[in-house]
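Close look at the chain arrangement
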Amino acid sequence: MVLVERGLPNHVTNTKIDTASLKGKEDLTSLLWGPELTPETIGASRRIEHREPLPKISNLDATTNHDRTRIKGLHEGLIIGIDFGTTYSGVSWATLADFQHASINVITKWPGSDSDRAKVPTRLFYENSEILWGFQVTNDVVPLQYFKLLLLREGDIEDKVGESMELSHTKRTLRDNGITTEDCIADYLRAIWKHTLETIRQARAKRGIEALTFHVVLTVPATWKDYARNAMKRAASKAGILDYRTAGQTSLAFVSEPEAAGLAALVDRGDYVESGDVFVVCDAGGGTVDVITYIVADNQPLQLEEVVESDGSLCGGISIDEAFISQCKNRVGRNWSHFRRADIMTMLTKEWEYGIKPRYTERNGPDNYLRVMLPDLKMDVSRKAHIKPGYIYFTGSDIRKAFHTKAVPGLLKLVDTQLSQAHNKGLNVTGILLAGGLGSSPHTYECLEAKYSNRGIDIHQSVADGA
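What counts, and at which threshold
Residues numbered from 1 in each chain as written. Predicted model: local features only at pLDDT ≥ 70, side-chain atom pairs only at ≥ 80, totals over all residues. Heavy atoms only, no water. Helix = DSSP H or I, 4+ residues; strand = E, 2+ residues; numbered from the N terminus. Buried < 20%, exposed > 50% of the residue type's maximum accessible area, 1.4 Å probe, protein only. Contact = heavy atoms within 4.5 Å. Pairing = 2+ DSSP bridges. Axes fitted to C-alpha atoms, helices over the stretch in contact; angles between N-to-C directions. Salt bridge = Lys/Arg side-chain N within 4 Å of Asp/Glu carboxyl O. Parallel < 35°, antiparallel > 145°, perpendicular 65-115°, else oblique. Left-handed = near helix turned anticlockwise from the far one by under 90°. Nonpolar A, V, L, I, M, F, W, Y, C, P; charged D, E, K, R; others polar. Phe/Tyr/Trp six-rings, centres within 6.5 Å; stacked < 30°, edge-to-face > 60°. Core = buried A, V, L, I, M, F, W, Y, C linked by side-chain atoms within 4.5 Å.

Right, let's get into the overall build of the chain. Each helix and strand in the chain was counted, giving 16 helices and 19 strands. Expressed as a percentage of the 467 residues in the chain, the buried residues total 58%. Taking as baseline every contact in the chain between residues at least 6 positions apart, the subset at least 24 positions apart corresponds to 67%.

This part covers the sheet that holds strand E17 (residues 391–395). Strand order in the open sheet formed by 3 strands is E15-E17-E16, with antiparallel pairing between adjacent strands. This sheet does not close on itself; its edge strands, each paired only once, are strand E15 (369–373) and strand E16 (386–388). Across the sheet, the mean angle separating the axes of adjacent strands is 30° when strand polarity is ignored. Two elements, E15 and E17, share 5 bridges in a ladder whose sense is antiparallel. By the bridge assignment for E17, Leu370 is matched with Phe394.

This next bit is on the sheet that holds strand E14 (residues 302–313). Reading across the sheet, the 5 strands line up as E14-E13-E12-E18-E19 and stay open at both edges, with mixed pairing between neighbours. Looking at strand neighbours, the two that pair on one side only are E14 and strand E19 (458–461), the edges of this open sheet. Mean inter-strand twist for the sheet, computed between neighbouring axes without regard to direction, equals 20°. Sheet analysis places strand E12 (residues 278–284) next to strand E13 (residues 289–299), joined by 7 bridges and oriented antiparallel. What sits directly across from Val281, in E13, is Ile292. Across the face of the sheet, helix H11 (residues 257–269) comes into contact with E12, E13, E14, strand E18 (431–435) and E19 while running at roughly 120° to E12. Those strands touched by helix H15 (residues 407–424) are E12, E13, E14 and E18, and its axis lies near 130° from that of E14.

For the rest of this paragraph, the subject is the pairing of strand E4 (residues 88–95). Along E4, 8 of the 8 residues are buried, which leaves the element largely enclosed by surrounding structure. Along E4, one buried face is formed by Tyr88, Gly90, Ser92 and Ala94 and the opposite face, lined by Ser89, Val91, Trp93 and Thr95, is buried too. Where strand E3 (residues 77–84) lies against E4, 7 bridges are found, and the strand directions are antiparallel. Paired with Ile82 across the two strands is Val91, which belongs to E4. Between E3 and the antiparallel strand that follows it, E4, lie 3 residues.

Moving on to the pattern of salt bridges. The tally for this structure, following the rule as stated, stands at 21 salt bridges. Here Lys171 ties to Glu154 by a salt bridge, and the two come within 3.4 Å at their closest N and O atoms. Of this pair, Lys171 sits in helix H7 (residues 165–176) while Glu154 sits in the loop between strand E9 (144–145) and helix H6 (159–162); the two residues are 17 residues apart in sequence, bridging distant segments of the chain. Lys171 sits in the partly exposed class, given a relative accessible area of 28%.

Turning to the packing of H15 against helix H16 (residues 442–452), a few remarks are in order. When two helices pack together, their arrangement is given by the angle between their axes and by how far apart the axes lie. It is at 11 Å that the axes of H15 and H16 come closest, and there the two elements cross at 45°. Between H15 and H16, the crossing angle belongs to the class labelled oblique. Handedness of the crossing formed by H15 with H16: right-handed. Facing H15, whose interface residues are Val408, Leu411, Leu412, Val415, Asp416 and Leu419, H16 presents His443, Thr444, Cys447, Leu448, Lys451 and Tyr452. Of the residues assigned to the contact of H15 with H16, the class counts are 8 nonpolar, 2 polar and 2 charged.

On to the packing of aromatic side chains, then. Evaluation of the coordinates by the stated rule reveals 11 aromatic pairs. For the ring pair Phe147 and Tyr188, a centre distance of 5.8 Å and an interplane angle of 55° mean the geometry is tilted. Here the residue Phe147 occupies a position in the loop between E9 and H6, and Tyr188 occupies one in helix H8 (residues 181–203), the gap between them amounting to 41 residues. On the basis of relative accessible area, Tyr188 is assigned to the buried category, the value being 0%. With a centroid separation of 6.0 Å and 80° between ring planes, the pair formed by Trp193 and Phe214 is classed as edge-to-face. Remark: Phe214 occurs in strand E10 (residues 213–220) and Trp193 occurs in helix H8; sequence separation between them is 21 residues. Phe214 carries the same exposure label as Trp193, and that label is buried.

On to the pairing of E3, then. The buried fraction of E3 is high, at 8 of 8 residues. Bridge count for E3 against E10 is 6 bridges, and the pairing is parallel. Counted as the bridge partner of Ile79 is His215 from E10.

Membership of the largest hydrophobic core comes to 53 residues, with the highest contact counts inside it found for Phe324, Trp336, Ile392, Ile399 and Tyr452. Ranked by the residues each element gives to this core, the list is headed by H15, at 8 residues. Excluding anything up to four places from it in sequence, Ile399 contacts Phe324, Trp352, Ile356, Tyr360, Leu370 and Phe394. Core analysis: the next-biggest nonpolar cluster, separate from the first, contains 52 residues, Trp110, Leu174, Cys184 and Ala231 among them.

Further remarks concern the packing of helix H12 (residues 317–332) against helix H14 (residues 396–404). The geometry of H12 relative to H14 is characterised by a closest axis approach of 7 Å and an angle of 135° between their N-to-C directions. Considered as vectors, H12 and H14 are oriented oblique to each other. Crossing geometry of H12 relative to H14 is assigned as right-handed. For the pair formed by H12 and H14, the contact residues are Ser319, Ile320, Ala323, Phe324 and Gln327 on the first element and Asp398, Ile399, Lys401, Ala402 and Phe403 on the second. Residues of the contact of H12 with H14, tallied by class, amount to 6 nonpolar, 2 polar and 2 charged.

Residue Ala385 is reached from Lys384 by a cis peptide bond, and omega for that bond is 0°. The topology assignment puts Ala385 in the loop between E15 and E16. The backbone of Asn128 sits at a positive phi, close to 55°, despite the residue not being glycine. Note that Asn128 resides in the loop between strand E7 (123–127) and strand E8 (130–133). A positive phi angle is found at Tyr146, which is not glycine, with a value near 60°. The class for Tyr146 is buried, based on a relative accessible area of 5%.

Everything listed here is a matter of geometry and, on its own, says nothing about what the molecule does.
Shown next as C-alpha cells:
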C-alpha cells in the first residue's frame, strides 16, 4: 500500500489502494485497513455473536436480506473501524466518497505523541478527576494495562498471563477503586472515540459528517466467548459510541481479528492471489495470537471460504516482554527494586519496545550484543549478561530466549494445528499470512520461514505498529 496526501490535516493519513481488480463499491468497503473491515462485518454481529461461521466473508451474495439492507446503509454513512488491542489500538474511517476514490483514512496523530503512529498504546491512568490515556500516560507513573484481558473469566486466562506484573497491578487498582473492567474499558473507548470524532470533524465539514449514519466495527479475538463479546458491547455503549444522533441509529458490529487481518492481507497482495490458493492467517498481536485458514474461491472479486475454523491463544508479544523483564530482574538481583519507575519504563519502552524487540533477528548472530540503559548500574562482568556503568549487555541468545519462552512455540503450535487440519481435508496450504505487531517481527518471520519454506509454503508479512 502506498501512502499519499489528499489535502487532509496532519493527524490523518490517507491510504491509496490499487483497486484495478475490484468490482463495485462493496469491494472497496473490504479494504478498510488498520483495522480491516469487510462489507459483511457491518451486518455480521448477530452471526459472530453466536459463533456462526461466515462462509464467504467478502461475497455480498452470501449475506441475508437483513444484511443487504444494512450494507445499503453503508453507502449513506460513515464507517469507523476500531482495532481495540491488548497493548495497542488503532482507528480508521471512510465515507462513500473515500471509497469512490479508493482511499481509507488512518488516524496517525494522538494526544501526547510528537510523531505519526498508526497505533496508540492501550493504557490508562486515573489522576484525580482526570483520565490520561495512550501516549498521555508518562513513564513516571504505573499505568493500567492489558485490561482488555480482564473481560475474560479467570479460567479463560492462562496462568502466566494472569500473574503478569502489569495485569496484577491493573486488577488490584480497579478493585481498590471500585472500578469494574467494563467501566475501565469504557473509559478508554470513550477517550479514543472522542479523539476519533474530533479528527474526522477537522478533516471534513462538520455539517456533512453530522448528516451521516455511523457504522462502527470493533475487532475481537477469535477465541472470545459470547460473554466477553457481550461485555465489550456494553462497554462500547457506556463509552457513548451508540449515543443518539439525529442522523440515525449508530450500528455496532464485531469482526474476529484473524478474519479482518486475513482479508486485508489478501486484498493487499492483489494479482498474486489465485483461485484455489489456501492461506493460513496468523494474526499475532500483543495479547493473543489468532489463526484461521481460508481458500480463495475467486479472485475477481476476492471471495474467501473458511476451511479450518479459527483458533487462538494468549501467547502474544506481552509474553516476550514478561520473559525479558524476568531476565533483567534476575541479572540485577535485589537492586532492581531500587530503580526509579521512570527509568525502568523508559528502558522497556524506548529501548526494548521500540528498539530491540521489533528489530531482533538471528541473522545478527547469537553473540551480538544488545544493550539497554539503566542509570546507576555498577560494573559487573563476572557473568553474563555483562553490566557496565549504566548498561546491561544482553546477547542475541538472551533475546532469542525471551521470544522462545512462550510466544514463538505457542504461535508455531497454532499454525501447525491449522496445517494439519487443512491436510486432513485434502488441502495444500500455499501460504501463511503474518499480521499484527508480533507478526511484523523479523524473528517471527524467520522462524516460520525456517520451519515451513521447505514444504513449499510462502510466508507473507504485513507491517504493524507495536506488539
